[in-house]
Amino acid sequence: MSSAPTVVVLNGPNLNLLGEREPEVYGHETLADVEALCRARTDELGWALDFRQTNHEGVMIDAIHEVRASAVGLVINAGGWTHTSVAIRDALAAVQGPVVEVHISDVHAREAFRHFSYISDVSEAVIVGRGVRGYVEAIDAVREHVGGRAPHDDA
Ligand code: CA2
């Protein structure tokens with residue numbers, strides 16, 4: 001018997017503060033609200049959800065390594081590391097399923113230092129400026145890329 005395909009959603013630094021500060025940029029929803037939105041979609045798809053947040057770069061890299069061969073797809077909001085981290089980019093390049101980069105805000109309409117992403121060109125899709133609904137769109141993008149079938153599901 002095979003288990004449900006698991007989509008992994010990883011969140012980087014400071015995203016634990018979502019809903020507490022800068023609502024004009026990031027909205028009023030908390031990260032728990034984002035997880036609930038994601039779970040509603042994965043439930044509809046019959047998929048499992050592994051949703052995590054960390055403020056520690058090495059923990060993020062270990063998490064990517066841990067799931068790189070088992071996840072049906074990986075959605076990542078790498079937060080500020082998006083604009084700084086070759087190490088996270090290198091870890092994502094080793095992920096077998098589709099990687100989808102998501103940002104709540106429209107990074108291209110903000111400060112110049114947010115315009116460059118180290119991870120966009122190792123991602124199958126990039127979703128920006130859609131608010132927290134962008135996470136659901138990212139899960140849908142994973143679904144489209146795997147054609148409704150989990151690449152690691154041998155059943
Ligand atoms: O728009 C996004 O999702 C970002 O990835 C969020 C990052 C930022 O560094 C990226 O450029 C764009 C920052 C997340 C910080 O989240 C906070 C939430 C509430 C209060 C303070 C920070």
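Structural notes, computed from the coordinates. Along each chain, residues carry numbers from 1 onward, in the same order as the chain's sequence is written. Reporting of local features is limited, given that this is a predicted model, to residues whose pLDDT is at least 70; pairs of side-chain atoms are given and counted only at 80 or more, and all residues count toward the totals for whole chains, interfaces and linings. Note that the side-chain values use all heavy atoms of the structure and ignore hydrogens as well as water.

1. Observations concerning the pattern of salt bridges
Two side chains with opposite charge may pair up if their charged atoms get near one another. The rule for a salt bridge is simple: a side-chain nitrogen of Lys or Arg has to be within 4 Å of a carboxyl oxygen of Asp or Glu. For the structure shown, the criterion picks out 9 salt bridges. Note that E44 and R41 form a salt bridge whose closest N and O atoms lie 2.5 Å from each other. Here E44 and its partner R41 are both found in helix α2 (residues 31–45), 3 residues apart, which amounts to about one turn of the helix. The exposed category is assigned to E44, whose relative accessible area is 60%. Only protein chains enter the accessibility calculation, which uses a 1.4 Å probe; a residue is then buried when its area is under 20% of its type maximum, exposed when over 50%, and partly exposed in between. Its relative accessible area of 21% is what places R41 among the partly exposed residues. Where helices and strands are cited, they refer to DSSP runs of H or I of at least four residues and of E of at least two residues respectively, numbered from the N terminus.

2. Remarks on the packing of aromatic side chains
Each pair of aromatic rings taken from Phe, Tyr and Trp, with Trp reduced to its six-membered ring, is defined by centres within 6.5 Å and is described as stacked if the planes are under 30 degrees apart, edge-to-face if over 60, and tilted in the remaining cases. Under the definition given, this model contains 1 aromatic pair. Seen from their ring centres, F116 and Y118 are 4.8 Å apart, and the 85° between their planes marks the pair as edge-to-face. Given a relative accessible area of 46%, F116 falls into the partly exposed group.

3. Focus: the site of the ligand
We define proximity as follows: a residue is near a molecule or strand when any one of its heavy atoms falls within 4 Å of that partner. Around the ligand sit 16 residues, and of these N77, H83, H103, I104 and S105 come closest. Polar contacts here mean pairs of N or O atoms no more than 3.5 Å apart (in protein, one a potential hydrogen donor and the other a potential acceptor; neighbouring residues in sequence count only if both atoms are side-chain atoms). For the ligand, an oxygen atom lies 2.8 Å from a polar atom in the side chain of N77. H83 has a polar side-chain atom sitting 2.7 Å from an oxygen atom of the ligand. Computed by Shrake-Rupley with a 1.4 Å probe, the accessible areas treat only the displayed protein chains as cover when residues are assessed. When the free accessible area of the ligand is taken as 500 Å², the share hidden by the protein chains comes to 93%. Tallied by class, residues from the shell around the ligand come to 6 nonpolar, 7 polar and 3 charged. Only Asp, Glu, Lys and Arg are considered charged, only Ala, Val, Leu, Ile, Met, Phe, Trp, Tyr, Cys and Pro nonpolar, and every remaining residue, Gly among them, polar.

4. Some details on the pairing of strand β5 (residues 125–128)
Covered by surrounding structure in β5 are A125 and I127 only, the residues V126 and V128 on the alternate face being uncovered. Strand pairing is defined by DSSP finding a minimum of two bridges between the two strands. When strand β4 (residues 99–103) meets β5, the two strands line up parallel, connected through 4 bridges. What sits directly across from V102, in β5, is I127.

5. Some details on helix α5 (residues 133–146)
The first and last C-alpha atoms of α5 sit 20 Å apart over 14 residues, in line with the 20 Å expected at 1.5 Å per residue. Among the residues of α5, those classed as buried are G134, Y135, V136, A138, I139, A141, V142 and V146. In what follows, residue pairs with any heavy atoms lying within 4.5 Å of each other are defined as contacts. On its buried side, α5 packs onto β1 (6–11), α2, β3 (73–77), β4 and β5. Helices are assigned an expected span. That span is 1.5 Å times one less than the residue count.

6. Digging into the side chain of T82
Looking at the element boundaries, T82 is found in the loop between β3 and α4 (86–93). Residue classification places T82 among the buried residues on the basis of a relative accessible area of 1%. Here G79 takes part through its backbone oxygen, which lies 2.6 Å from a polar atom of the side chain of T82.

7. Re α4
For α4, the set of buried residues is I88, A91 and L92. All buried residues of α4 fall inside an arc of 100° around its axis, so they share one side. Regarding α4, its N-cap is S85, as a side-chain oxygen of that residue lies 3.4 Å from the backbone nitrogen of A87 further along. This arc is built from the directions going out from the helix axis to the C-beta atoms.

8. Focus: the sheet that holds β5
Read across the sheet, 5 strands follow the order β2-β1-β3-β4-β5 without closing on themselves; strand pairing throughout is parallel. A single partner strand is all that each edge strand has here, and the edge strands are β2 (48–53) and β5. Each adjacent strand pair in this sheet contributes to an overall mean axis angle of 15°, direction not counted. Note: β1 against β3, 5 bridges, orientation parallel. The residue of β3 that forms the bridge with N11 is N77. The angle between two axes is taken between their N-to-C directions and runs from 0 to 180 degrees, where each axis is a line fitted to C-alpha atoms and a helix contributes only its stretch in contact.

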